[in-house]
Amino acid sequence: MSELSVGQLKGLTVNSNVVTVPAGHTLYAPGHVIQSHTITSGNQSTTSTSYQTWVSKVLTPKLASSKILCSVNVSQAYIDTARGTGYWAIFRDGVSVFEMALESQAAAACLLYGSFQYLDSPNTTSAVTYEVKYKRAANAGYLQSGGTSSFVVQEIAQ
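The structure presented is a predicted model; accordingly, all values stated were derived computationally and were not measured.

Asks: Help me understand the overall build of the chain in this model?
Replies: Along the chain, the regular secondary structure elements total zero helices and ten strands. The order of helices and strands in the chain, counted from the N terminus, is β-β-β-β-β-β-β-β-β-β. Rg of the C-alpha trace for the chain: 21 Å, well past the compact-globule value of 15 Å for 158 residues, more than 25% over. When the backbone C-alpha atoms are referred to their principal axes, the chain occupies close to 65 × 30 × 25 Å. Sorting the 158 residues of the chain into buried and exposed places 39% on the buried side. Excluding contacts between residues fewer than 6 apart, the proportion of contacts in the chain whose partners are at least 24 apart in sequence is 78%. Accessible surface, the chain as shown: approximately 9,000 Å² in total, 49% of it carbon and sulfur.

Asks: Would you mind showing me how to read the pattern of salt bridges here?
Replies: Any two side chains of opposite charge can pair if their charged atoms end up close together. As enumerated under the stated definition, the model contains two salt bridges in all. Its salt-bridge partner being Asp120, residue Arg92 comes within 2.5 Å of it at the nearest N-O pair. Residue Arg92 is located in strand S5 (residues 85-92), and its partner Asp120 is located in strand S7 (residues 110-120); the two are separated by 28 residues in the primary sequence. For Arg92, a relative accessible area of 25% gives the class partly exposed. Look at Asp120 and you get buried, because its relative accessible area is 2%. The salt bridge involving Glu131 is made with Lys133; its shortest N-O contact spans 3.9 Å. For the pair shown, Glu131 and Lys133 are each scored as buried.

Asks: Got a minute to help me understand the nonpolar core in this structure?
Replies: Inside soluble globular proteins, nonpolar side chains tend to come together where they are buried. In terms of nonpolar packing, the biggest core is built from 26 residues, with Trp54, Val72, Trp88, Tyr130 and Phe151 touching the most fellow members. Secondary-structure elements contributing two or more residues to this core are strand S3 (52-59), strand S4 (67-79), S5, strand S6 (95-103), S7, strand S8 (128-136) and strand S10 (149-156).

Asks: When you look at the layout of surface pockets in this model, what are you seeing that I'm missing?
Replies: Where empty space is left becomes clear once a probe the size of a water molecule has been rolled over the atoms. A volume near 240 Å³ is recorded for the largest pocket. Every residue lining the largest pocket is listed: Ser2, Leu4, Val6 and Leu9. Residues of the lining of the largest pocket, tallied by class, amount to three nonpolar, one polar and no charged.

Asks: Any chance you could explain the side chain of Arg136 here in plain terms?
Replies: Within the secondary structure, Arg136 is located in strand S8. Asp80 provides the closest opposite charge to the buried, unpaired Arg136, separated from it by 7.1 Å. At 2.5 Å, the side chain of Arg136 forms a polar contact with the backbone oxygen of Thr47. In contact with Arg136, other than residues within four places in its own chain, are Thr46, Thr47, Ser48, Thr49, Thr85, Gly141, Tyr142 and Leu143.

Asks: When you look at the packing of aromatic side chains in this model, what are you seeing that I'm missing?
Replies: Per the counting criterion, the structure on display carries four aromatic pairs. When the centroid spacing of 6.3 Å and the interplanar angle of 25° are considered together, the rings of Trp88 and Tyr134 count as stacked. Within this pair, whereas Trp88 is found in strand S5, its partner Tyr134 is found in strand S8, the two being separated by 46 residues in sequence. A relative accessible area of 2% means that Tyr134 is categorised as buried. Between Phe98 and Phe116 the ring centres are 5.2 Å apart and the planes differ by 20°, which places this aromatic pair in the stacked class. With Phe98 in strand S6 and Phe116 in strand S7, this residue pair connects regions lying 18 residues apart in the sequence. Take Phe116: its relative accessible area is 6%, and that puts it in the buried class. Directly above the aromatic system of Tyr87 lies the positively charged group of Lys135, at a separation of 5.5 Å from the ring centroid.

Scoring rules and cut-offs
Residues numbered from 1 in each chain as written. Predicted model: local features only at pLDDT ≥ 70, side-chain atom pairs only at ≥ 80, totals over all residues. Heavy atoms only, no water. Helix = DSSP H or I, 4+ residues; strand = E, 2+ residues; numbered from the N terminus. Rg over C-alpha atoms; globule rule 2.2 N^0.38 Å. Buried < 20%, exposed > 50% of the residue type's maximum accessible area, 1.4 Å probe, protein only. Contact = heavy atoms within 4.5 Å. Areas by Shrake-Rupley, 256 points an atom, 1.4 Å probe, with all protein chains shown as cover. Salt bridge = Lys/Arg side-chain N within 4 Å of Asp/Glu carboxyl O. Core = buried A, V, L, I, M, F, W, Y, C linked by side-chain atoms within 4.5 Å. 1 Å grid on protein atoms, 1.4 Å probe; cavity = no way out; pocket = protein on both sides within 12 Å on 5 of 7 lines; lining within 4 Å. Points joined across faces, edges and corners; volume = space filled by probe spheres on them. Nonpolar A, V, L, I, M, F, W, Y, C, P; charged D, E, K, R; others polar. Lys, Arg positive; Asp, Glu negative; His and termini not counted. Polar contact = N/O pair within 3.5 Å; in protein donor to acceptor, adjacent residues only side chain to side chain. Phe/Tyr/Trp six-rings, centres within 6.5 Å; stacked < 30°, edge-to-face > 60°. Lys NZ or Arg CZ within 6 Å of the ring centre and 35° of its normal.

So far we have only geometry, and geometry alone does not tell us how the molecule works.
Structure follows, in structure tokens:
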């Protein structure tokens, strides 16, 4: 196998802003999405104060240097108790790496909406399991996720 090292890659003078990658070959340009997966979820509910799996995705990064962008959109979170709290967290291979709370300030049960993102650096080309989990706080009777919520996992080249 041979290797070519260059300081700068440019197209021909005629079309200097275009570099063509032949069919069957792959170019990983920093900042570009290498792969993207969207998982949607409908109604789910829990009365647990321990994290329960909401959605999950196994991703095998193409490059060890890649970043993984996890984006969560909770379209409806129904908390049945005034001033109740629900938690969502992102887990990587069973370990919590990010947590978000949605807290009702209402004097009665209410619907809440929320979105959050987490940028991860798993530094591997082995399969990684990303899970979004949720639970209720002790101050809420139950937590229900309704509507169509989503979890997007994207590998970003570095």
